[in-house]
Amino acid sequence: MASFPISGFTFVRHAVKLDFPVVASIRSLLPACDEVVVAVGKGEDDTLGLIRSIGDPRIRIIETTWDLTRGRSVLADQTDLALRACRHPWGIYIQADEVLSDGSAERLRDAIEQADADPRVEGIVVDYAHFYGGFETIATHRRMYRREVRAVRTDPALGVHSFRDAQGFRVGAEDRRIRARRSSAQVFHYGWARSPEAVQAKYEEHAQIFEWDAAKREQRFGTSPFNWIPLLKHFRGPHPTVVRDWVAARAEEARAEFGPPHFHRSHIRFYLSAAVEAVTGWRPFEFRNYTLV
């Protein structure tokens, strides 16, 4: 453990219905944490029982009710409920469809320890791999964020809070970008790599939360849960140990048929951005919730 206690925090609802790897998510946090706060939203399945089944005394459950009239802000609301319940000066955040790679919890803990004495640093950034349509394919174009803050100082006086749909964090009423340092930790995101039925259920739930009508839903995602998108890449590395059984049990049904690659003029910006990034390491027009210090 760290030389000072560290919290973990997350929120979840309908983990059984939507087939989230939330058990693996929480287990991937535990090597770095003295407690993990889980805000469990009331719903139509036994998500609460699933979280309790992990059986680790460091897990502290908060039962919540989602206010769906809040739209996408309900996701930030639930994140903040868990964040404010953290008892320790730093909290490591993970979402229910994210899993830290092997050794990343320890690397995050080390990064927190190194940053703690510098008051400028309010958060720690991790790298991302976004699985898409299966467990052997990752999406890499610039709409898929390559980095995000996943550890933050928890002092309420600082004003760190979840931002918009809970992708990242901002600071204060002015929503200032959080000041952060990079780490070598990596998160594997499995939100779009489950069975077509589970992903379809996620679409339907998102349509309710984000208030998409049928036209907006088709405009954003097309007619299939797994349309072909530019810059898909083959994943060659191993999955985190804690999620391998979950992946193995779904490997066949989560193998999407994307259809033939095609070109649309809207793809030009993705290819140009990728070319610049490959040469320079800089991703043009990248959206960031953080400023590196």
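The coordinates are above.
Criteria and cut-off values
- Residues numbered from 1 in each chain as written.
- Predicted model: local features only at pLDDT ≥ 70, side-chain atom pairs only at ≥ 80, totals over all residues.
- Heavy atoms only, no water.
- Helix = DSSP H or I, 4+ residues; strand = E, 2+ residues; numbered from the N terminus.
- Rg over C-alpha atoms; globule rule 2.2 N^0.38 Å.
- Buried < 20%, exposed > 50% of the residue type's maximum accessible area, 1.4 Å probe, protein only.
- Areas by Shrake-Rupley, 256 points an atom, 1.4 Å probe, with all protein chains shown as cover.
- Lys, Arg positive; Asp, Glu negative; His and termini not counted.
- Charge placed at Lys NZ, Arg CZ, Asp CG, Glu CD.
- Core = buried A, V, L, I, M, F, W, Y, C linked by side-chain atoms within 4.5 Å.
- Contact = heavy atoms within 4.5 Å.
- Expected span 1.5 Å × (residues − 1).
- Arc of directions from axis to C-beta.
- Salt bridge = Lys/Arg side-chain N within 4 Å of Asp/Glu carboxyl O.
- Disulfide = S-S within 2.5 Å.
- Phe/Tyr/Trp six-rings, centres within 6.5 Å; stacked < 30°, edge-to-face > 60°.
- Lys NZ or Arg CZ within 6 Å of the ring centre and 35° of its normal.

**Re the overall build of the chain**
Looking only at helices and strands, the chain features 8 helices and 13 strands. Scaling as 2.2 N^0.38, a compact globule of 293 residues should have a C-alpha radius of gyration of about 19 Å, and the chain matches this with 19 Å. Taken over the C-alpha atoms alone, the chain extends approximately 50 × 45 × 40 Å along its principal axes. With 293 residues in all, the chain has 55% of them scored as buried. Of the accessible surface of the chain, which amounts to about 13,600 Å², a share of 51% is contributed by carbon and sulfur atoms. Averaged over its 41 positive side-chain charges, the chain has a centre that lies 6 Å from the centre of its 39 negative ones.

**Some words on the nonpolar core**
With 39 residues, the main nonpolar core has Ile92 and Ile124 as its most contacted residues. Elements that contribute at least two residues to this core include exactly α1 (22-29), β2 (35-41), α2 (47-52), β4 (90-93), α4 (104-115), β6 (123-132) and β11 (176-192). Ranked by residues supplied to this core, first place goes to α4 with 5 residues. When neighbours within four sequence positions are excluded, Ile124 is seen to be in contact with Trp90, Leu108, Ala111, Ile112, Ala115, Glu148, Val149, Arg150, Ala151, Ala180, Arg181 and Ser183. In terms of nonpolar packing, the next biggest core, distinct from the first, is built from 23 residues, Ala39, Ala85, Val125 and Val160 among them.

**What to know about α4**
Between its first and last C-alpha, α4 extends 16 Å over 12 residues, near the 16 Å set by a 1.5 Å rise per residue. The complete set of buried residues in α4 reads Ser104, Ala105, Leu108, Arg109, Ala111, Ile112 and Ala115. The buried side chains of α4 occupy one side of the element, clustering within an arc of 165° when seen end-on. Along its buried surface, α4 packs onto α1, β4, β5 (98-100), β6, β8 (147-153) and β11.

**Notes on the pattern of salt bridges**
For the structure shown, the criterion picks out 20 salt bridges. Asp118 is the salt-bridge partner of Arg120, the closest N and O atoms lying 2.8 Å from each other. Arg120 sits in the partly exposed class, given a relative accessible area of 44%. Note that Arg182 is salt-bridged to Asp127, the shortest N-O span being 3.2 Å. Linking Arg182 in strand β11 with Asp127 in strand β6, this pair joins segments that are 55 residues apart in sequence. Looking at Arg182, the relative accessible area reads 42%, which means it is partly exposed. Here Asp127 falls in the partly exposed class, since its relative accessible area comes to 21%. When salt bridges with common partners are traced through the structure, they connect Arg146, Glu277, Arg283, Glu286 and Arg288 into a single cluster.

**A look at the environment of Ala129**
Turning to its location among the elements, Ala129 is positioned in strand β6. Assessed through its relative accessible area of 7%, Ala129 is described here as buried. Once the C-alpha coordinates of Ala129 and Ser3 are considered, the two residues, 126 residues apart in sequence, prove to be 30 Å apart. Setting aside anything within four residues of it in sequence, one finds Ala129 in contact with Gln186, Val187, Phe188 and His189.

**Some words on the state of the cysteines**
Following the criterion strictly, the structure yields 0 disulfides and no others. Summary of cysteine pairing: Cys33 is not part of a disulfide, and the nearest cysteine sulfur, belonging to Cys86, is at 8.7 Å. Classification of Cys33 by relative accessible area gives buried; the value is 0%. You can call Cys86 buried: its relative accessible area is 11%.

**Describing the side chain of Ser104**
Mapped onto the elements, Ser104 comes out in helix α4. Residues in contact with Ser104, not counting those within four places in the same chain, are Ala185 and Gln186.

**So, the packing of aromatic side chains**
In total, this model carries 12 aromatic pairs according to the counting rule given. Aromatic pair Phe131 and Phe235: ring centres 4.8 Å apart, planes at 80°, arrangement edge-to-face. With Phe131 in strand β6 and Phe235 in the loop between β12 (232-234) and α7 (244-250), this pair connects stretches of sequence that are 104 residues apart. Classification of Phe131 by relative accessible area gives buried; the value is 1%. A relative accessible area of 13% places Phe235 in the buried class. Across the ring face of Trp66, the terminal group of Arg13 is positioned such that the distance to the ring centre comes to 5.2 Å. Its end group placed over the ring of Phe163, Arg170 keeps NZ or CZ at 4.2 Å from the ring centre.

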